[in-house]
Amino acid sequence: MIKRQTWLAELDPVADEAYSERLATLSEGSVRRSFNPFTDIAWDSPEFDVVPNDARWILPQTDPIAKTDWYQSLPEEKQIEVGMWRQANVAKVGLQFETFLIRGMVLYSVSLPNGSPEYRYCVHEIAEECNHNQMFQEMVNRIGAEVGGIGRIKRAVIGLGAELLAEFFPSAFFTAVLAGEEPIDFIQKSILREGKSVHPIMEGVMAIHVAEEARHISFAHEFLKLRTPRVGRLPRFALSIAYPLIMRFVEELIVVPPKSFWRRFDIPKAVKKEIFWESPEARDFRRRLLADSRALAHEMGIMNPVAKLLWKAMAIDGRPSRFRSEPQRRHFSQPLPQPQQPALVG
């Protein structure tokens, strides 16, 4: 069997072998357990029909919009309408973001040397992301909401940026990949953990996406952990500054609905500010979305004093997760009741 090596082989043969083995494991996972959006989701089954006034489209409490007095005060049919539009737009943004990822990863993979284990893994991921796009678009079509996702100008700028980063600054490109994948993964896992009854379309799409995104996130982590500690001080410092900036920009792109959402449902500006920026719950939500990303920054050695100030200035600082996808547990605000002492008999 031919031993395949990466660019790291001459610098650190041990690390190179370990990295190659991890990529082989991820690639084999794509072979053994992959999904097809049109055979693994029963789109035409009667229970997948999208019908009027289905309460399963009411937003789960994981979504910051659901917690507002504005949303809670709406009649149920309006909550359902808002929920359907919101879920369709999140799916549309997700497929647009994954299109940028595909464009960048294609450019990155074709530049790899023959025999690189990264090539095989990258092509597996490209194929899976294409399937995700089919799945997300089918979800949008079935819901029937006229959503546009990211605006045209932003799409053009982000697409060009993804290609340039993938070609010339791969570490920044895979940082942007994580910035898009980890918040969506966090939200979907939180919805599944919440246990709320959701529509089968949404449940099926989330189950497949969470399963395959685990590999994609693992690769980005391995890629960045391998390269970042081995570059010079200046590139490492530049990445420490770019990392939180990219995280904040992409997080907002994914989480905050476009202007058309606020216009369509006539939502006051004060409510918009409360949902995503001003309330303690909003700030806490946005910090929790990036707990895994902060943990990776510490692991790569780029959470320096300047970077810490930048994370804090953009209100995305906080405790890093102890392990990937750690549930964000909370302390009770009220003390637990003390057990009563048994009465004395005598």
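So, how was this worked out
Residues numbered from 1 in each chain as written. Predicted model: local features only at pLDDT ≥ 70, side-chain atom pairs only at ≥ 80, totals over all residues. Heavy atoms only, no water. Helix = DSSP H or I, 4+ residues; strand = E, 2+ residues; numbered from the N terminus. Buried < 20%, exposed > 50% of the residue type's maximum accessible area, 1.4 Å probe, protein only. Contact = heavy atoms within 4.5 Å. Patch = residues over 30% accessible without salt bridge, like charges linked within 9 Å, V, L, I, M, F, W, Y side chains within 5 Å. Areas by Shrake-Rupley, 256 points an atom, 1.4 Å probe, with all protein chains shown as cover. Salt bridge = Lys/Arg side-chain N within 4 Å of Asp/Glu carboxyl O. Lys, Arg positive; Asp, Glu negative; His and termini not counted. Charge placed at Lys NZ, Arg CZ, Asp CG, Glu CD. Polar contact = N/O pair within 3.5 Å; in protein donor to acceptor, adjacent residues only side chain to side chain. Axes fitted to C-alpha atoms, helices over the stretch in contact; angles between N-to-C directions. Parallel < 35°, antiparallel > 145°, perpendicular 65-115°, else oblique. Left-handed = near helix turned anticlockwise from the far one by under 90°. Nonpolar A, V, L, I, M, F, W, Y, C, P; charged D, E, K, R; others polar. Expected span 1.5 Å × (residues − 1). Arc of directions from axis to C-beta.

Undergrad: For this particular structure, what's the right way to read the overall build of the protein chain?
TA: Broken down by element type, the protein chain carries 13 helices and 0 strands. Walking the protein chain from its N terminus toward its C terminus, one meets helices and strands in the order α-α-α-α-α-α-α-α-α-α-α-α-α. Scored against the burial criterion, the 346 residues of the protein chain give a buried share of 50%. A separation of at least 24 residues holds for 78% of the contacts in the protein chain among residues at least 6 apart in sequence.

Undergrad: Honestly, a negative patch on the surface in this entry has me stumped. Any pointers?
TA: A surface patch of like charges, here negative, comprises Asp69, Glu274, Glu278 and Glu281. Inspection of the secondary structure assignment puts Asp69 in helix H2 (residues 69-72). The exposed category is assigned to Asp69, whose relative accessible area is 64%.

Undergrad: How should I be thinking about the side chain of Glu129 in this particular structure?
TA: For Glu129, the position within the fold is in helix H4 (residues 117-143). Buried charge without a partner: Glu129 forms no salt bridge, and the closest opposite charge is Arg215, 9.9 Å away. Among the polar contacts listed, one links the side chain of Glu129 to the side chain of His132, at a separation of 3.1 Å.

Undergrad: Quick question: what am I supposed to make of the pattern of salt bridges here?
TA: Oppositely charged side chains can pair when the atoms bearing their charge come close. What the rule picks out here adds up to 20 salt bridges. We note a salt bridge from Glu128 to Arg215, for which the minimum N-O separation is 2.9 Å. A residue pair is termed long-range when its members are at least 10 positions apart, and Glu128 in helix H4 and Arg215 in helix H7 (residues 200-227) qualify at 87 residues. Taking the relative accessible area as the measure of exposure, Glu128 reaches 5% and is therefore buried. Note on Arg215: relative accessible area 12%, which makes it buried. Between Lys225 and Glu299 there is a salt bridge, with the nearest N and O atoms lying 3.4 Å from each other.

Undergrad: Which parts of the structure should I look at to understand the environment of Asn141?
TA: Considering the arrangement of structural elements, one finds Asn141 in helix H4. Residues Asn141 and Ala88 lie 53 residues apart in sequence; the distance between their C-alpha atoms is 8.5 Å.

Undergrad: Please explain a nonpolar patch on the surface as it appears in this structure.
TA: Together, Leu160, Leu164, Phe168 and Phe169 line one region of the surface with nonpolar side chains, adding up to about 440 Å² of accessible area. Within the secondary structure layout, Leu164 lies in helix H5 (residues 152-168). The exposure class of Leu164 is partly exposed, given its relative accessible area of 43%.

Undergrad: Is there a simple way to explain the packing of helix H6 (residues 170-194) against helix H8 (residues 233-255) in this structure?
TA: Each packed pair of helices is defined by two parameters, the angle between the axes and the distance between the axes. Remark: H6 packs on H8, axes separated minimally by 9 Å, with the N-to-C direction vectors making an angle of 40 degrees. Considering the angle they form, H6 stands oblique to H8. Crossing of H6 against H8: the hand is right-handed. Contacts between H6 and H8 involve Ser171, Ala172, Thr175, Ala176, Leu178, Ala179, Gly180, Ile184 and Ile187 from the former and Leu239, Tyr243, Ile246, Met247, Val250, Glu251, Ile254 and Val255 from the latter. Looking at the contact of H6 with H8, its residues break down into 13 nonpolar, 3 polar and 1 charged.

Undergrad: In this structure, what is going on with unusual backbone geometry? I would like to understand it.
TA: If a residue is not glycine, its phi is most likely negative; likewise, a peptide bond is most likely trans. The backbone phi angle of Asn53 is positive, close to 55 degrees, even though this residue is not glycine. Along the chain, Asn53 falls in the loop between helix H1 (13-32) and H2. The exposed category is assigned to Asn53, whose relative accessible area is 57%. Its identity as a non-glycine residue notwithstanding, Asp266 has a phi of 50 degrees, on the positive side.

Undergrad: Can you walk me through the environment of Pro229 in this structure?
TA: Assignment of secondary structure puts Pro229 in the loop between H7 and H8. Here the alpha-carbon distance between Pro229 and Met300, two residues 71 residues apart in the chain, equals 6.1 Å. Apart from residues no more than four positions distant in its own chain, Pro229 is found in contact with Leu224, Arg236 and Met300.

Undergrad: Looking at this structure, I do not really get H5. What am I missing?
TA: Owing to its 3.6 residues per turn, the α-helix aligns residues three or four sequence positions apart on the same side. Its 17 residues place the ends of H5 24 Å apart at the C-alpha level, agreeing with the 24 Å of an ideal helix rising 1.5 Å per residue. Those residues of H5 not exposed but buried are Ile158, Gly159, Ala162 and Ala166. Take H5 and look down its axis: the buried residues cluster within an arc of 105 degrees, on one side only. For H5, the exposed residues set more than 90 degrees away from the buried face come down to Ile153, Ala156, Val157 and Phe168. Summarising the contacts, the buried residues of H5 are in contact with helix H3 (76-110), H6 and H8.

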